[in-house]
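# Summary of the model geometry
Below are the chains, spelled out letter by letter.
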Amino acid sequence: MQQSYEVTGQAGRVLVVDDDPTVAEVVAGYLDRAGYTVDRADDGPTALTRAAAHRPDLVVLDLMLPGMDGLEVCRRMRDHGPVPVIMLTARGDEDDRILGLEVGADDYVTKPFSPRELVLRVESVLRRTRHDTGTRLLSAAGLTVDPAARRATKNGTELALTLREFDLLAFFLRNPGRAYAREDLMHQVWGWDFGDLSTVTVHVRRLRGKVEDDSARPRLIQTVWGVGYRFEPEGD
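Being a predicted model, the structure only gives us computed values, none of them experimental.

Criteria and thresholds
- Residues numbered from 1 in each chain as written.
- Predicted model: local features only at pLDDT ≥ 70, side-chain atom pairs only at ≥ 80, totals over all residues.
- Heavy atoms only, no water.
- Helix = DSSP H or I, 4+ residues; strand = E, 2+ residues; numbered from the N terminus.
- Buried < 20%, exposed > 50% of the residue type's maximum accessible area, 1.4 Å probe, protein only.
- Contact = heavy atoms within 4.5 Å.
- Pairing = 2+ DSSP bridges.
- Axes fitted to C-alpha atoms, helices over the stretch in contact; angles between N-to-C directions.
- Right-handed = clockwise from strand over helix to strand, strands pointing away.

### Some words on the environment of Arg-136
With respect to the helices and strands, the residue Arg-136 is situated in the loop between helix 5 (115-130) and strand 6 (138-140). Relative accessible area serves as the criterion here: at 56%, Arg-136 is assigned to the exposed category. The spatial distance from the C-alpha of Arg-136 to the C-alpha of Pro-147 is 7.3 Å, given a sequence separation of eleven residues. What Arg-136 contacts, discounting residues up to four positions off in sequence, is Val-145 and Pro-147.

### Describing the sheet that holds strand 6
Spatially, four strands are ordered 6-7-8-9 in an open sheet, and the strand pairing comes out antiparallel. Lying at the two open borders of the sheet, with one neighbouring strand each, are strand 6 and strand 9 (157-158). Looking at chain direction, strand 6 and strand 7 (residues 143-146) are connected through three bridges and run antiparallel. The residue bridging Ser-139 from the neighbouring strand is Thr-144, located in strand 7. Contacts from helix 6 (residues 163-174) reach strand 6, strand 7 and strand 8 (151-154), with the element oriented near 110° to strand 7.

### Observations concerning the pairing of strand 4 (residues 85-89)
The side chains of a regular strand alternate between the sheet's two faces. For strand 4, the tally of buried residues reaches five of five residues, placing the bulk of the element in the interior. Burial of the side chains of strand 4 extends over both faces: Val-85, Met-87 and Thr-89 are buried on one face and Ile-86 and Leu-88 on the other. You can see the chain leave strand 3 (residues 58-62), run along helix 3 (residues 70-79) and come back into strand 4, and the turn it takes is right-handed. Direction of pairing for strand 4 relative to strand 5 (residues 107-110): parallel, over a ladder of four bridges. By the bridge assignment for strand 5, Ile-86 is matched with Asp-107.

Taken by themselves, the reported measurements are silent on function.
As structure tokens, then:
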């Protein structure tokens, strides 16, 4: 059965950053046909300039760029506010993919990739960004999440969470005391039916670093060996 890649409702502005003109042209073409407004840049400084001039709703960012690599571009963009980032990498090394997630990328795609799959991932990330997950405040263990405002705090101090981290924390607060496998979290939190399970591991580790008093000895987001993870509000 053929998938439809048309975007319903609001599309959005996507900044495509890649120094390979063929890749950039193909990606931009698919996104344009899917209804997105597309800006392009072929290096890091240009990407930052374009992002400052027209704030994108999402950035498709190559890891390997001349002058300034994608990791540094991602860091600098994050300094000016949250923006979803899908990292492109030609490297097969898992450490490089994980590093992209560590600096705040919301997803990654390894070259060579299917442009149609990339469009689906863009649509998925933007859907999560815009999705109102409910207006009821969620609160436990000093953590408060406002799904409508996309705002989370710990003991009154606002947490700087990425899109994926926010969704994961909201899910845990809604479902305390239950163990979830990484496959379940990937599907139920982010709606993915495909992807690398190490993505879940990275996001859990990053979230622990922001909500735990001691991320080396997590009490709230606990590992359930052989299963996955469980949120324990009482830190038992």
